[in-house]
Amino acid sequence: MTARAECASVAGRTHQSDSVEPICDQATGVAKQNRHVPDLFQRHPGNPLLSAADWPYAAHTVFNPGATQLSSGETLLLLRVEDRRGISHLTAARSNDGITDWRIDAQPTFSAEPEQYPEELWGVEDARIVRLEMLDCFAVTYTAYSRAGPLVALATTEDFRAFERHGSIMSPEDKDAALFPRQFGGRWALIHRPVPHLSGAKANMWLSFSPDLRNWGDHSVLLEARDGAWWDAGKIGLSPQPIETDEGWLVIYHGVRNTPAGAIYRVGLALLDLDDPRRVLRRGDEWVVGPREPYEVTGDIPNVVFPCGAVLDGASGELRLYYGAADTCVGLMTAQIGDILDWLRTQPAPVAAP
């Protein structure tokens, strides 16, 4: 049954009782917000913020932006742009308020260079941005799409105009990676998501350490995809970069549930120890954002909300979460960091292994 047909069926049943409100919008067939359960994140009313229609050159889709705040106060997005060949590159957009009047680079900001970096043969995708104060630069981890599959690559920049590539730092198949902004015991830490090829194996989030950003080891599973009917069963992955709070590192991650109608990408939350990110303090049982709006439900890949970038306003406590919607356009949702931490306190602490 299609979403619209199911909506009509449910709405028809509600006519039998005036006390029950239809759960779908009759015109669009899209699920309504539950007015009895307030959302933790609020979608911006101007969504989608950016799409291929805004682009200064030919593009198929624009989505999955990494995000950071520059010293000027501007918000910078480094967006994945899929061209009309099907190959992705990254393009920067800047805004004074992080919402309106985006100034988009006239040409691709960071394109694949397969002649020098063969791991970028089929494009570069899904950047995460972290400011490394110790090195006085921004680190950009991104997915390079090689002949052997996607892998994690690293570049650094001071201004998002010139970049120093450091090549691949994880072998395929691996993606959804971001650094922490500071070291732990003299080592850098990276969250990433390798995909095993054994039948029945799950795609979990891993944590790895490096003394120099080039040589990585001490690998361990950080968060494990759940089993069965859970919303995050089978495959999970980091969404934006880890966010430092007074109570721990906020980790926003996506979970993929496979259904007979296709995959659904939703967003969940976890909290890590500030001094030892291997320690998971809390992990939400429920997802906090799922595809609902027409631009999230319909697109190149339907039923996807996929954040890659976040900016936290320390003064107001507002967290701005930038996300790809249906692999087609860019949305913005916001929440108060205090509300997020309050919600996480209600969630279970992981049970330590015996």
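What you see is a predicted model; the values in this text were computed from it and never measured.

Each value, and the rule that gives it
- Residues numbered from 1 in each chain as written.
- Predicted model: local features only at pLDDT ≥ 70, side-chain atom pairs only at ≥ 80, totals over all residues.
- Heavy atoms only, no water.
- Buried < 20%, exposed > 50% of the residue type's maximum accessible area, 1.4 Å probe, protein only.
- Helix = DSSP H or I, 4+ residues; strand = E, 2+ residues; numbered from the N terminus.
- Pairing = 2+ DSSP bridges.
- Axes fitted to C-alpha atoms, helices over the stretch in contact; angles between N-to-C directions.
- pLDDT = per-residue confidence, 0-100.
- Contact = heavy atoms within 4.5 Å.
- Polar contact = N/O pair within 3.5 Å; in protein donor to acceptor, adjacent residues only side chain to side chain.

## A closer look at the pairing of strand β16 (residues 248–259)
Argument step 1. A large share of β16 lies buried, amounting to 9 of its 12 residues.
Argument step 2. As defined by bridge partners, strand β14 (residues 235–238) adjoins β16 across 4 bridges and the pair is classed as antiparallel. Within β16, the position partnered with Gly237 by the bridge is His254.
Argument step 3. Pairing between strand β15 (residues 243–245) and β16: 3 bridges, direction antiparallel. Bridged to Thr245 within β16 is Gly248.
Argument step 4. Between β15 and β16, which follow one another and run antiparallel, lie 2 residues.

## A look at the sheet that holds strand β7 (residues 137–146)
Argument step 1. Spatially, 4 strands are ordered β6-β7-β8-β9 in an open sheet, and the strand pairing comes out antiparallel. Strand pairing shows two members of the sheet lacking a second neighbour, β6 (124–132) and β9 (163–170), which therefore form its edges. Pairwise comparison of adjacent strand axes, ignoring direction, gives a mean angle of 25° for this sheet.

## Comments concerning the confidence of the model for the protein
Argument step 1. On average, residues of the protein carry a pLDDT of 91, and 90% of them reach 70 or more.
Argument step 2. Across residues 1–23, where pLDDT falls below 50, the model places 21 contacts with residues more than four positions away in sequence or in other chains.

## A short note on the side chain of Ser239
Argument step 1. Checked against the element boundaries, Ser239 lands in the loop between β14 and β15.
Argument step 2. Overall, Ser239 belongs to the buried group, its relative accessible area being 0%.
Argument step 3. Looking at Ser239, its side chain comes within polar contact range of the main-chain nitrogen of His254, at 3.3 Å.
Argument step 4. What Ser239 contacts, discounting residues up to four positions off in sequence, is Arg128, Ile252, Tyr253, His254, Pro307 and Cys308.

## Thoughts on the environment of Asn204
Argument step 1. Along the chain, Asn204 turns up in the loop between β11 (188–194) and β12 (205–210).
Argument step 2. The class of Asn204 is buried, set by a relative accessible area of 11%.
Argument step 3. Considered as a pair, Asn204 and Ala225 are 21 residues apart in the sequence and their alpha carbons are 5.4 Å apart.

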